[in-house]
Amino acid sequence: MFAVFQTIAGRTVDECKTGAEIKYVLNGRIQALARAYAMLADAAWEGASLDAILDRQFAGFGNRVIISGCGIVVKPSAAQQFALIVHELATNALKYGALSTTTGRVSIEGKIGRVNGRGTFSFAWRETGGPPVTVPTRKGFGSIILLDSAKRFSRSVELEYAPQGLRYELELLLSEIEASTSLAKQEGSAALSEVRAGSV
C-alpha cells in the first residue's frame, strides 16, 4: 500500500503545475484507493465487489452513468487496479469528457465469456453526448494507470479517443482477478447492498 502511495504521490507532483493542483489531484487518487481498501478491510481482505467500487465512485450521478454486468467480486490486487482506473476515467470525464456537460452519459459494461476454454471478463467504458474529444498532447499519470499499469494485469487494453466520446476496454482472465471464496462473495454482496441503500 505504501509503495503504491509513494508512486502516486511522486507522479502527481511531477505532472501538476501548482501546489493547489497537486493537492486536488492527489486527494482524489488517495480517496479512490481508500474506498477500495475500506471495502477490502470489511471483507477481511478476501475480495471486493466491482459493482460497489463503481457505485461509490459514481454516487450522485443518477442515470448519467449506467452500469451493467459488473457483479463480480475481485481479488485485492484487482480491486486496487480497478479503483485507480475508474477514478482516472471518471476524473477525465468530469474535466473534459461526457460528465463535463449536462447532456453527456457514461456506459460501463462488464461481460463474462470464454477464450480458448478459459474464463474471461471484459470491462468496457463508453462516453457519449460530451464535447468533441481531442487526443492529449502529453502522457500523464492517468495514461500510465489506464495503459501501462492495466497491461500488467489484463490480456488486452484499448483506449480510443473517438470523436463521439472516449472508449476504453479491458479484457482479463477470470482466474487472475476473481476472488474465489464464498466469504468474499458474501462480503461483496453485503457491501454493494449497503452502498446502494445509502445512495437512495
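Residues numbered from 1 in each chain as written. Predicted model: local features only at pLDDT ≥ 70, side-chain atom pairs only at ≥ 80, totals over all residues. Heavy atoms only, no water.

### Regarding helix H5 (residues 141-151)
Operational definition: Burial classes follow relative accessibility: with a 1.4 Å probe on protein chains only, a residue under 20% of its type's maximum area counts as buried, one over 50% as exposed, and anything between as partly exposed. Every helix listed is a DSSP run of H or I at least four residues long, and every strand listed is a run of E at least two residues long, numbered separately from the N terminus.
The buried fraction of H5 is high, at 8 of 11 residues. Buried within H5 are the following residues: Phe141, Gly142, Ser143, Ile144, Ile145, Leu146, Ser149 and Ala150.

### Quick look at the environment of leucine 146
As a reminder, the rule being used: Any two residues having at least one pair of non-hydrogen atoms within 4.5 Å are treated as being in contact.
With respect to the helices and strands, the residue leucine 146 is situated in helix H5. According to the relative accessible area criterion, leucine 146 is buried, its value standing at 8%. Not counting residues up to four positions away in its chain, the partners in contact with leucine 146 are Ile85, Glu88, Leu89, Val157 and Tyr168.

### Considering unusual backbone geometry
With a phi close to 55 degrees, asparagine 116 is a non-glycine residue in the positive phi region. Examined against the element boundaries, asparagine 116 turns out to sit in the loop between strand E4 (105-115) and strand E5 (118-128). For asparagine 116, a relative accessible area of 77% translates into the label exposed.

### Quick notes on the pairing of E5
In plain terms, the rule: Between any two strands, pairing holds if DSSP finds at least two bridges.
Judged from the 11 bridges that link them, E4 and E5 form a sheet pairing that is antiparallel. Looking at the pairing, lysine 111 lines up with serine 122 of E5. In this structure, the hairpin formed by E4 and E5 is closed by a connection of 2 residues, where asparagine 116 is found at a positive phi of approximately 55 degrees.

### Side note on helix H3 (residues 50-57)
The condition is simple: Definition of a polar contact: a pair of N or O atoms within 3.5 Å, with one able to donate and the other able to accept a hydrogen when the atoms are protein atoms, and with sequence-neighbouring residues admitted only if both atoms are side-chain atoms.
Most of H3 sits inside the fold, with 7 of its 8 residues counted as buried. Buried residues of H3: Leu50, Asp51, Ala52, Ile53, Leu54, Asp55 and Gln57, and no others. Structurally, the start of H3 carries an N-cap: the backbone nitrogen of aspartate 51 is 3.3 Å from a side-chain oxygen of serine 49.

### Quick look at the sheet that holds strand E2 (residues 65-68)
Strand-to-strand pairing in sheets goes through backbone hydrogen bonds, with the strands running parallel or antiparallel. To keep it simple, the criterion reads: Angles here are taken between N-to-C directions and fall from 0 to 180 degrees, while the axes themselves are lines fitted to C-alpha atoms, restricted in helices to the stretch in contact.
Strand order in the open sheet made by the 5 strands is E2-E4-E5-E7-E6, with mixed pairing throughout. Each of the sheet's edge strands pairs with one partner strand only, and the pair in question is E2 and strand E6 (156-162). Geometrically, the sheet is characterised by an average inter-axis angle of 10 degrees between neighbouring strands, direction not taken into account. The pairing of E2 with E4 spans 4 bridges and is classified as parallel. The residue bridging serine 68 from the neighbouring strand is glutamate 109, located in E4. Each of E5 and strand E7 (165-173) touches helix H4 (residues 76-95); the most contacted strand, E5, lies at about 15 degrees to it.

### Let's talk about the packing of aromatic side chains
For clarity, the cut-off: The rule is short: rings of Phe, Tyr and Trp, with Trp giving its six-membered ring, pair when the centres are within 6.5 Å, and they are stacked under 30 degrees, edge-to-face over 60, tilted in between.
For the coordinates displayed, the defined rule picks out 4 aromatic pairs. Here phenylalanine 58 and phenylalanine 61 contribute two aromatic rings whose centre-to-centre distance is 6.0 Å and whose plane-to-plane angle is 70 degrees, an arrangement assigned as edge-to-face. Both residues of the pair, phenylalanine 58 and phenylalanine 61, count as buried. Ring geometry for phenylalanine 82 versus phenylalanine 153: centroids 5.7 Å apart, planes at 85 degrees, classification edge-to-face. Taken together, the residues phenylalanine 82 in helix H4 and phenylalanine 153 in the loop between H5 and E6 connect sequence positions 71 residues apart.

### A closer look at the pairing of E6
Relative to E7, E6 runs antiparallel, the two being bridged by 7 bridges. Looking across to E7, one finds that tyrosine 161 is bridged to leucine 166. As consecutive antiparallel partners, E6 and E7 are separated by 2 residues.

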